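Spelled out from the first residue to the last, the chains are:
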Amino acid sequence: MAISSKSQVLSLYKILLKESKQFPSYNYRTYALRRVRDAFRENKNVDDPKTLEILLNRAWDSLAVIQRQVAIGKLYSAQKTVVETEGMKKAS
Amino acid sequence: MFGKTVIRSIWGSRSAAACYRRKYTESAVSAAHRQKEIIKSRYIEKDELRPLYMDFQATTPMDPRVLDAMLPYQVNYYGNPHSRTHAYGWESERAMEKARKQVADLIGADPREIVFTSGATESNNMSLKGVARFYRSKKKHIITTQIEHKCVLDSCRILEAEGFNITYLPVQSNGLIDLKQLEETIQPDTSLVSVMTVNNEIGVKQPVKEIGEICRSRSVFFHTDAAQAVGKIPINVTDWKIDLMSISGHKIYGPKGVGALYVRRRPRVRLEPIQSGGGQERGLRSGTVPTPLAVGLGAACEIAQQEMQYDHSRVSMLAKRLLQKIMSELPDVVVNGDPDQRYPGCINLSFAYVEGESLLMALKDVALSSGSACTSASLEPSYVLRAIGTDEDLAHSSIRFGIGRFTTEEEVDYTAEKCIRQVKRLREMSPLWEMVQEGIDLKSIKWTQH
């Protein structure tokens, strides 16, 4: 993987995590963080530029979904769940 | 009423209540009243904490990706997908057909074999009544099992009243049907066999492929209620020789109020439609297809396909964690259903000497259920547990834990710890538990001799 694309991937990863942390719902937030981390980990050895491009495009699409859904979540947030104080420490 | 309260507060155990039940055969009304007394409905205050959700068999939260796919069709693209004369109709139709393909791809079907319905209940009704009535002039016999969902059993009751013969196959103590018995039950005039893929209460997975094989070789249609299985375990309608299959949207992180029915084209399965009207969905299910819901179901299916392996390994891991914690701390806990042939996300446990409802009440900050949501209002022990031969007492002390895509380790740990603590507490309060610890055989006691 070229240096430039590597830093591109890394910054996209960071944005995804940052946005995922914004989910007001405990379950959506922890899922988004977990899923983003696992997806990047799973594909960390991908070298093929074509596959990389597909994966990156998918990640950008996911980012847009997360941003929209975070906004909706904030409009209709609900009470916290009973494990949340614990969960927030671990998730972030 | 007074006597009941006293018995309850002194004993707090199911057997005592069972003894009470034998003394007075109650009407459904008083049973419902008693239920109200045990678990009162109460809304969560604004500054209160929400309970954890551990009831993924009842329904699942929508995946944010599903909502994201649906929203455009709730906002701007509101056309009737059956309108043929303008762009509003065409864009909705295209979205609906894409969703149809997404559903079909998940189960290895052709999009033309998918009919959108309002949910698995409607799909099950359509399959059973539809097939039975269409072939009624020659075939009068239908086979199903004792542990099917209420909507299948109730459809069968209706068919019985219409003059059909129904065989309700028993299941073995592990919850699985006996294939040999199924084969022997098939008659020349059997039109349909209906067996659910994954049971909603105990999570057992029937040998669907083998059942499909038997049905095909005997030229009997095979319907399976896969509401709890689709998107969670790999399903291929061709490999499994399934002729009809019910799918539910809200069990796979999709919207409520939508489902689908797979109807095989070759060899063709014919149904008498239940709903008449404009002839939508190839005349099988008239009524405008709700585009946003169909889009949501399609998106849920596509996501389920992508995430199946990831979800399955995670759900298995969490289920193992929950079971290990509970079983290592508590004696006399029974796992209902086959230990291997099962979907791991549905764990049904019986805590001996503890009353299920008392435990549910003690675990009020975890959303759990003692079985199916449809029957959770009744105090009768689950008919599924009765069918697998669970003792009356154990059937009353069962709780279903549902684990899903959004469950976290913290939630599992919290549930397990809370459950262990409360079971221990309730057992300490129970004279039955005390007697068992002293070595008294409860079965030898006559409870009703006064």
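Nothing here was measured: the structure is a model prediction, and the numbers come from that model. (Residues numbered from 1 in each chain as written. Chains lettered and ligands numbered in written order. Predicted model: local features only at pLDDT ≥ 70, side-chain atom pairs only at ≥ 80, totals over all residues. Heavy atoms only, no water.)

## Quick word on the domain arrangement of chain B
Residues and elements named next belong to chain B. Note the threshold: Domains are outlined according to an automatic or database domain assignment. Contact definition: two residues touch when any of their heavy atoms are within 4.5 Å. Two parts placed together each lose some accessible area under a 1.4 Å probe, and adding up what both lose gives the buried area. A pairing counts as a salt bridge when a side-chain nitrogen of Lys or Arg comes within 4 Å of a carboxyl oxygen of Asp or Glu. Here a polar contact is taken to be a pair of N or O atoms separated by no more than 3.5 Å, where protein atoms must pair a possible hydrogen donor with a possible acceptor and residues adjacent in sequence count only if both atoms sit in side chains. Secondary structure elements are defined from DSSP: runs of H or I of at least 4 residues count as helices, runs of E of at least 2 residues count as strands, and each element is numbered from the N terminus. When residues are grouped by polarity, Ala, Val, Leu, Ile, Met, Phe, Trp, Tyr, Cys and Pro land in nonpolar, Asp, Glu, Lys and Arg in charged, and all others, Gly among them, in polar.
Here chain B is described as being made up of domain 1 (64-303) and domain 2 (308-444). Contact residues are listed per partner, giving 29 residues for domain 1 and 24 residues for domain 2. Across the domain 1 to domain 2 interface the summed buried area is about 2,400 Å²; carbon plus sulfur atoms make up 59%. When residues of domain 1 are sorted by the area they lose upon contact with domain 2, Glu-201, Ile-202 and Tyr-253 head the list and together hold 32% of the total. Counting across the interface, domain 1 meets domain 2 through zero salt bridges. Run the count over domain 1 and domain 2 and you get ten residue pairs in polar contact (both at pLDDT 80 or more). Elements with a minimum of two residues in the side of domain 1 that touches domain 2: helix H4 (64-75) and helix H7 (150-161). Grouping the constituent residues of the side of domain 1 that touches domain 2 by class yields 13 nonpolar, ten polar and six charged.

## Considering the interface of chain B and chain A
Listed by partner, the interface residues are 26 residues for chain B and 22 residues for chain A. Between chain B and chain A the total buried area reaches about 2,200 Å² when both faces are included, carbon and sulfur atoms providing 57% of it. Along the contact surface separating chain B from chain A lie two salt bridges. Two residues, Glu-307 of chain B and Arg-35 of chain A, come together in a salt bridge whose shortest N-O distance is 2.6 Å. Put simply, chain B and chain A have 17 residue pairs in polar contact (both at pLDDT 80 or more) between them. For the side of chain B that touches chain A, the secondary-structure elements that each account for two or more residues are H4, helix H10 (291-329) and helix H14 (409-429) of chain B. In terms of residues, the side of chain B that touches chain A owes the most to one element, H4 of chain B, which gives five residues. Residue composition of the side of chain B that touches chain A, grouped by class: twelve nonpolar, two polar and twelve charged.

## Quick notes on the pairing of strand E8 (residues 259-263) of chain B
Residue and element names in this part refer to chain B. Where we set the bar: Under the scheme applied here, a residue whose accessible area is under 20% of the maximum for its type counts as buried, over 50% as exposed, and between as partly exposed, the area being computed with a 1.4 Å probe on protein chains only. Being paired, for any two strands, means DSSP has found at least two bridges between them.
In terms of burial, E8 is largely enclosed, as five of its five residues are buried. Covered by surrounding structure in E8 are Gly-259, Leu-261 and Val-263 together with Ala-260 and Tyr-262, the residues of both alternating faces. Pairing geometry for strand E2 (residues 114-117) and E8, over four bridges, is antiparallel. Paired with Phe-116 across the two strands is Ala-260, which belongs to E8. Pairing of strand E7 (residues 244-248) with E8 involves five bridges; the strand directions are antiparallel. Each bridged residue has a counterpart across the sheet, and for Leu-244 the counterpart in E8 is Val-263.

## Observations regarding the confidence of the model for chain B
All names here are of chain B. So the rule is basically this: Scored between 0 and 100, pLDDT is the confidence that the predictor attaches to each residue.
Overall, the prediction assigns chain B a mean pLDDT of 90, with 89% of residues at 70 or greater. Counting interchain partners and residues more than four positions distant, the pLDDT-below-50 stretch residues 1-37 has 53 contacts. Model confidence for the complex is summarised by a pTM of 0.89, with the ipTM given as 0.91.

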